[in-house]
Amino acid sequence: MSAPAGELLALDRAAQDLLFRAARTANAFTDEPVDEEQVRAIHDLVRNGPTAMNAQPLRVLLLRSAPARARLLPYLSSGNRDKTASAPLTAVLAADVDWHDRLPELFPHRPGARDWFTGDPAGREAQARFNAALQIGYLLVGVRAAGLAAGPMAGFDAAGVEREFFPDGRHRVLLLMNIGRPAPDAWRERLPRLDYAEVVGTL
């Protein structure tokens, strides 16, 4: 008889539950603040997640104050406004389309790597979005690793948020994420997940 799946992982059961099984998308938060040290600790952990060519295009703008979040609210879908207004912290997650400028520093064993993307703005943006999306996934798990809950949101006017917060034109906003301690009524029932045989094939 094979061992239960959870016993085949190097991560202990409590950590597995914290990051995945017991973790949920939060829709309501307490008013307990998320301090700078917590966010720094999360970043220090998740910045080690792999990306293509060690690209690190994700840029995170933290909206802590009520006035800052008030600037964001008009660009949100109606279902996202109240929970964002009451969250202790909202992160605007964007991809820097000029990420290639850092390749001489981040990918030094290929000195000409930056030049591959200089004349290809469409390819550069595609890579920015792809790698920033990977980093966002790591960030979400990192928030859970800190004992916090994340409430990622895609219902917003991305172009409007970019004009409001990134007027330089070099950032593409991909996702918003409320972060904090979950309120007692933070969760909906967990939705179904696909089984292994529906996801994984073998040749």
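Predicted model only: the values in this text are computed from it and were never measured.

A. Spotlight on the overall build of the chain. Scanning the chain for helices and strands turns up 9 helices and 4 strands. Listed by position from the N terminus, the elements making up the chain come as α-α-β-α-α-β-α-α-α-β-α-β-α. Viewed in the frame of its principal axes, the chain has a C-alpha envelope of about 55 × 50 × 35 Å. Carbon and sulfur atoms make up 56% of the accessible area of the chain, which amounts to about 11,900 Å² in all.

B. Spotlight on the sheet that holds strand β1 (residues 58–63). An order of β1-β2-β4-β3 is seen for the 4 strands of this open sheet, with the pairing classed as antiparallel. Two strands in the sheet have a free side with no partner beyond their single neighbour: β1 and β3 (149–153). For this sheet, the mean inter-axis angle between neighbouring strands, taken without regard to orientation, is 30 degrees. Judged from the 5 bridges that link them, β3 and strand β4 (residues 171–180) form a sheet pairing that is antiparallel. Within β4, the position partnered with A149 by the bridge is G180.

C. Structural context of helix α8 (residues 158–165). Inspection of α8 places G160, V161, E162 and F165 among the buried residues, and these make up the whole buried set. Looking at the packing, one finds that the buried side of α8 touches β1, α3 (66–72), β2 (89–96) and β4.

D. Region of interest: the packing of helix α1 (residues 13–21) against helix α7 (residues 121–145). Interhelical geometry of α1 versus α7 gives an angle of 130 degrees and a closest axis separation of 9 Å. Classified by the angle between their axes, α1 and α7 sit oblique to one another. For the element pair α1 and α7, the recorded crossing hand is right-handed. Listed contacts from α7 to L18, L19 and F20 of α1 are V141, R144 and A145. Residues of the contact of α1 with α7, tallied by class, amount to 5 nonpolar, no polar and 1 charged.

What counts as what
- Each chain has its residues counted from 1, running along the sequence as written.
- Only residues with pLDDT of at least 70 are given local features in this predicted model, and only at 80 or more are side-chain atom pairs given and counted; all residues enter the totals for whole chains, interfaces and linings.
- As a convention, hydrogens and water are excluded, and side-chain values are obtained from all of the structure's heavy atoms.
- Numbering of helices and strands runs from the N terminus; a helix is a DSSP stretch of H or I covering at least four residues, while a strand is a stretch of E covering at least two.
- Using a 1.4 Å probe, accessible areas were evaluated by the Shrake-Rupley method; residue-level cover was limited to the displayed protein chains.
- In this description, strands pair whenever DSSP reports at least two bridges between them.
- To get an axis, a line is fitted to the C-alpha atoms, and for a helix only the part in contact is used. The angle between two axes follows their N-to-C directions and goes from 0 to 180 degrees.
- Between buried and exposed lies partly exposed: a residue is buried under 20% and exposed over 50% of the maximum accessible area for its type, with that area taken using a 1.4 Å probe on protein chains only.
- Note on contacts: a residue pair is in contact if any heavy atoms of the two residues lie within 4.5 Å.
- Angle categories are assigned with fixed cut-offs, so that under 35 degrees is roughly parallel, over 145 is roughly antiparallel, 65 to 115 is roughly perpendicular, and the rest are oblique.
- With the far helix as reference, a near helix turned anticlockwise by less than a right angle produces a left-handed crossing, and one turned clockwise produces a right-handed crossing.
- Each residue receives one of three labels: charged for Asp, Glu, Lys and Arg, nonpolar for Ala, Val, Leu, Ile, Met, Phe, Trp, Tyr, Cys and Pro, and polar for the others, Gly being one of them.

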